[in-house]
Every structure is written in structure tokens, then in C-alpha cells.
Amino acid sequence: MGWGVLALGVAVSVGWWVLGRPAQEGPTPQWVLYQNPGCGCCGKYADYLRGLGYAIRVVRTAELQAVKERLRVPRQLWSCHTVTVGRYFVEGHVPAQAVEELLRRAPPWLGIALPGMPSGSPGMDGPRRAPLVVYAVTHQGTWREFGRF
């Protein structure tokens, strides 16, 4: 009788674990990071994302400006690298929390951006001096604050 109770307990525990997990909404989108071959912080940003469990493909290109223009990243929001994930661009050292929020909401935008290379942002050395302001970019090429992270 002891083994039967143990087996039932294991079956119930596994069932609750499986049923209690959130449903996945399709395949995980491909993450591609485009960077200038000479940039070191871009690799640190890729390592940051890998450390959170994301599979990142890094493309080193001397044509980074053409990538940004093709994706329609506004020049005023440019940073040192650009990521594509799903149908979006992610410009700069954007915290993963902001990218996850973008993918969860799935708004009709081109992408999100953290302009420049702020100290203390993911992949950048130094202290964080203020919240990181991430901008949402629309298909019309306008942008507005998406959030502070």
C-alpha cells in the first residue's frame, strides 16, 4: 500500500506542475544582434541576454548603418548595436524586462530603443545614474516613452 500512495503522490505532483505552468504561445522568436566588429560592449550585451537564457546569434557587420536604416530605426535613437527579435527591432542596451514586455504585449510598433550607451545599462560598465528610458517606435517613425527600467 505504501508504494501505491507514493506513486499516486508523484503523479499528482507532476500533474499539478504541468497544469500549473503557463502555456507557451508558439515558438521562441529568433534573436539576432547586429554589431560593428570592433565593439566590445555589444558582446557584453549578448552575454547578458545569454545569461538570462536567450539564444542570441551575433552578426558582425561593417554595414551597421544599412541595417538600422532597413529596420527604420530613427537616427536620433541609434546606439552601438541593433537586435531583431520576432518582428521588432531592439536598439541599444535595452533591459531584457523591456524586451519581454514588448513581446508579451505585441503592439503594432517597429520596435523599442534605448538611445546612446548609458552607464550601468545591460552590457555597459559603470554605475546607473537614473532609470533607463526606453522608447517605442511606431510605423510612422515617431516615438514616445515606452517605460523606465
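What comes next is a walk through the structure. Bear in mind the structure is a predicted one, so any value in this text is a computation, not a measurement.

Reading the values: rules and limits
Residues numbered from 1 in each chain as written. Predicted model: local features only at pLDDT ≥ 70, side-chain atom pairs only at ≥ 80, totals over all residues. Heavy atoms only, no water. Helix = DSSP H or I, 4+ residues; strand = E, 2+ residues; numbered from the N terminus. Buried < 20%, exposed > 50% of the residue type's maximum accessible area, 1.4 Å probe, protein only. Contact = heavy atoms within 4.5 Å. Areas by Shrake-Rupley, 256 points an atom, 1.4 Å probe, with all protein chains shown as cover. Pairing = 2+ DSSP bridges. Axes fitted to C-alpha atoms, helices over the stretch in contact; angles between N-to-C directions. Arc of directions from axis to C-beta. Right-handed = clockwise from strand over helix to strand, strands pointing away.

## A short note on the overall build of the protein chain
Looking only at helices and strands, the protein chain has 4 helices and 7 strands in total. For the protein chain, the N- to C-terminal ordering of α and β elements is α-β-α-β-α-β-β-α-β-β-β. Looking at the 149 residues of the protein chain, the share that counts as buried comes to 40%. Pairs at least 24 residues apart make up 49% of the contacts formed inside the protein chain by residues separated by at least 6 positions. Total accessible area on the protein chain stands at roughly 8800 Å², and carbon and sulfur atoms take up 58% of it.

## A word on the sheet that holds strand β3 (residues 81–85)
As summarised here, the arrangement of the 7 strands in space is β2-β1-β3-β4-β5-β6-β7, forming an open sheet in which the pairing is mixed. In this open sheet, the two edge strands, each paired with only one partner strand, are β2 (56–60) and β7 (143–148). The mean angle between the axes of side-by-side strands here comes to 25 degrees, regardless of whether they run parallel or antiparallel. One ladder, built from 4 bridges, connects strand β5 (residues 109–113) with strand β6 (residues 133–138); its direction is antiparallel. Pairing of A113 across the sheet is with Y135, part of β6. Across the sheet, helix α3 (residues 64–71) lies against β1 (31–35), β3, β4 (88–91) and β5, angled at about 45 degrees from β3, the strand it touches most.

## Details of helix α4 (residues 96–105)
Of the residues making up α4, those classed as buried are A96, A98, V99 and L102. Down the axis of α4, the smallest arc covering the buried residues is 160 degrees, so these residues share one side. Exposed residues on α4 whose side chains face more than 90 degrees from its buried face are Q97 and R104. One or two steps after α4, the chain reaches A106, where phi turns positive at roughly 55 degrees.

## Remarks on the pairing of β2
Sheet topology note: the β1/β2 ladder contains 5 bridges and is parallel. Residue pairing across strands places Q35 opposite R60, the latter belonging to β2. Handedness of the crossover joining β1 and β2 through helix α2 (residues 41–51) is recorded here as right-handed.

Any functional reading would require information that these geometric values do not contain.
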